[in-house]
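# A structural walkthrough
Next come the chains, spelled out residue by residue.
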Amino acid sequence: MNAEVLSIGTELLLGEVIDTNTSYLAAQLPLLGINLHRVILVGDNRERLSEALHQAWKRSDIIFTSGGLGPTEDDITREVIAEFLDEELNVSPELEQELRLFFARMGREMSSHNIKQATIIPSARAIPNPRGTAPGWWIEKEKKIIVAMPGPPWEMQNMWVKEVMPRLQQKIQGDFILSRTLKTFGLSEARVNEVVSPLFVSADPELGIYAKPDGIHLRIIARAAKREVAEKIIAQHEAHLREILAKYIWGFDNDTLEGIVGELLIEKGLTLATMESFTGGLLASTLTSVLGNSSSYKGGFVASSNEAKITLGVDTQLIRQYGSISTEGAEAMAMAVCQRLGADIGVGVTGVAGPDIIEGKSPGLVYIAICGDREKWTGDWNFPPPLQLNNIATVAALFALRQRLLSIN
Ligand code: AMP
Ligand code: MG
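As a starting point, this report considers the structure included with it. (Residues numbered from 1 in each chain as written. Chains lettered and ligands numbered in written order. Predicted model: local features only at pLDDT ≥ 70, side-chain atom pairs only at ≥ 80, totals over all residues. Heavy atoms only, no water.)

Before going further, it helps to examine the site of ligand 1. Around ligand 1 there are 18 residues in total, and D19, T20, G68, G151 and P152 lie nearest to it. In the environment of ligand 1, a nitrogen atom lies 3.2 Å from a nitrogen or oxygen atom belonging to the side chain of S7. Within the backbone of G68, one N or O atom sits 2.7 Å away from an oxygen atom of ligand 1. Protein coverage of the free-state accessible area of ligand 1, which is 490 Å², stands at 78%. Residues of the shell around ligand 1, tallied by class, amount to seven nonpolar, eight polar and three charged. (Near = heavy atom within 4 Å. Polar contact = N/O pair within 3.5 Å; in protein donor to acceptor, adjacent residues only side chain to side chain. Areas by Shrake-Rupley, 256 points an atom, 1.4 Å probe, with all protein chains shown as cover. Nonpolar A, V, L, I, M, F, W, Y, C, P; charged D, E, K, R; others polar.)

Structure, rendered in structure tokens:
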């Protein structure tokens, strides 16, 4: 089955809103065995949307649209589909009632503009949207399918998971398709590709390699007539990847580094404190997102200046001798925060975010130290510009922390 996505909205064309619906759908479709052949981004323009729909209808078995289902004048997806299929658009009494109930539940008055969200054509079935006012449309005609979904990602994704995906699964009763994602940190995308590509010479299983903010992800997709066979293919390839990338793999599927670090701290009964400079609290904020309600994370300091570091317990003499952006500086930060907050483990992160050279050190240089009662560990990285250094340094710190925690009995 060949598919096309029409992403509709002038705001997307202007770059004001990033088209995340398309990337969401693009990641979902392979799991249903649907081949996405094209993605078209089109503004709220009747003529161009109509043209895009004509083209998509000629080329594809299934067309997914997102956007243009709102109540305003510029939202024209329904009208354009109706005109294209040469069908009449009428208000559905059931949809109107549902819409009125939706507004009543929110204690708001329904504007007369919203009534167009209750319109439908004979060949369409409404797809419920409990998160918004725009129901979707499911159309089957002349052996083609059109699925029209609302633009807001929160509504679209819910509709996809609860309604659209199950209907598609029923329609396409073909192979079982399973996927497994392995998450790595420490190797470049090109290097990962180089070491794993000999394992994936055929198209099945498929391997996708993606650069993400938390490292390089590898996604294995396997298809087979039986579920057990697909599971076996995934397991075999996963085992190979684990062998080759052992020390770089930190998680799978929905894992997050902060989630893993949080679980390890709780499991081992250890407490953590952090002191960071140029990351501006990103490490603390990330840890708080998972450990905010636990006693495992004692807290963190943002010490951008040397004065702040000294006030928080870093030795003046040490800064004079080594500079604060150094292995010694990071170590002193980790130990100082550990002592101040009475934690088992302290993390110190310092570096040069750029664009200027500081203390003779170039932008991209990062020092991370992890100190405990019995051991000290430090590492330095030289990340090439123009990476988002505060993000990558936070990921590097969490990755290093995970490794240290795993080595503690
Ligand atoms: P709609 O009323 O259905 O056209 O969409 C309403 C809002 O959803 C837009 O103003 C955007 O903020 C958001 N939106 C629409 N399309 C997308 C998309 N493809 N990706 C992310 N957000 C979108
Ligand atoms: Mg719109």
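Hydrogen bonding along the main chain pairs the strands of a sheet, whether they run parallel or antiparallel. Within the open sheet, the six strands sit side by side as β2-β1-β3-β8-β7-β6. Their pairing is mixed. Looking along the sheet, the strands with just one partner apiece sit at the ends: β2 (35-42) and β6 (124-127). Taking the axes of each pair of neighbouring strands and ignoring which way they run, one obtains an average angle of 15° across the sheet. Across five bridges, strand β3 (residues 62-66) lies against strand β8 (residues 144-149) in parallel orientation. Directly across from I63, in β8, lies its bridge partner I146. Seen against the sheet, helix α4 (residues 77-84) touches β1 (2-8), β3, β7 (136-141) and β8 and runs at an angle of roughly 10° to β7. (Pairing = 2+ DSSP bridges. Helix = DSSP H or I, 4+ residues; strand = E, 2+ residues; numbered from the N terminus. Axes fitted to C-alpha atoms, helices over the stretch in contact; angles between N-to-C directions. Contact = heavy atoms within 4.5 Å.)

Glancing now at the environment of G342. Within the element layout of this structure, G342 appears in the loop between α13 (327-341) and β15 (345-351). In this structure the C-alpha to C-alpha distance between G342 and L272, which are 70 residues apart in sequence, comes to 8.8 Å. Excluding its chain neighbours within four sequence positions, the residues that come into contact with G342 are T271, K298 and V337.

Next up on the list: unusual backbone geometry. In the segment running from G354 into P355, the intervening peptide bond is cis, with an omega of 5°. Among the structural elements, P355 can be located in the loop between β15 and β16 (365-371). Positive phi, close to 40°, is recorded for D253, a residue that is not glycine. Looking at the element boundaries, D253 is found in the loop between β12 (249-252) and α9 (257-268).

Attention now goes to the pattern of salt bridges. In total, this model carries 14 salt bridges according to the counting rule given. Salt-bridge contacts for E163 lead to R167; the nearest nitrogen and oxygen are separated by 3.3 Å. Here R167 and E163 lie together in helix α6 (residues 153-171), a separation of four residues that amounts to about one turn. D253 is the partner of R180 in a salt bridge, and the nearest nitrogen-oxygen pair spans 2.8 Å. Of the two residues, R180 is situated in strand β9 (residues 176-184) and D253 in the loop between β12 and α9; the sequence distance between them amounts to 73 residues. We classify R180 as partly exposed; its relative accessible area is 21%. Relative accessible area serves as the criterion here: at 30%, D253 is assigned to the partly exposed category. If you follow the salt bridges from partner to partner, you end up with R180, E238, R242 and D253 in one network. (Salt bridge = Lys/Arg side-chain N within 4 Å of Asp/Glu carboxyl O. Buried < 20%, exposed > 50% of the residue type's maximum accessible area, 1.4 Å probe, protein only.)

Right, let's get into the packing of α9 against helix α10 (residues 282-291). For the pair α9 and α10, the least separation of the axes is 9 Å and the interaxial angle reads 60°. Classified by chirality, the crossing of α10 by α9 is right-handed. Here E258, G259, V261, G262, L265 and I266 of α9 lie close against α10, whose contacting residues are T286, L287, S289, V290 and L291. Across the contact of α9 with α10, the residue classes break down as six nonpolar, four polar and one charged. (Left-handed = near helix turned anticlockwise from the far one by under 90°.)

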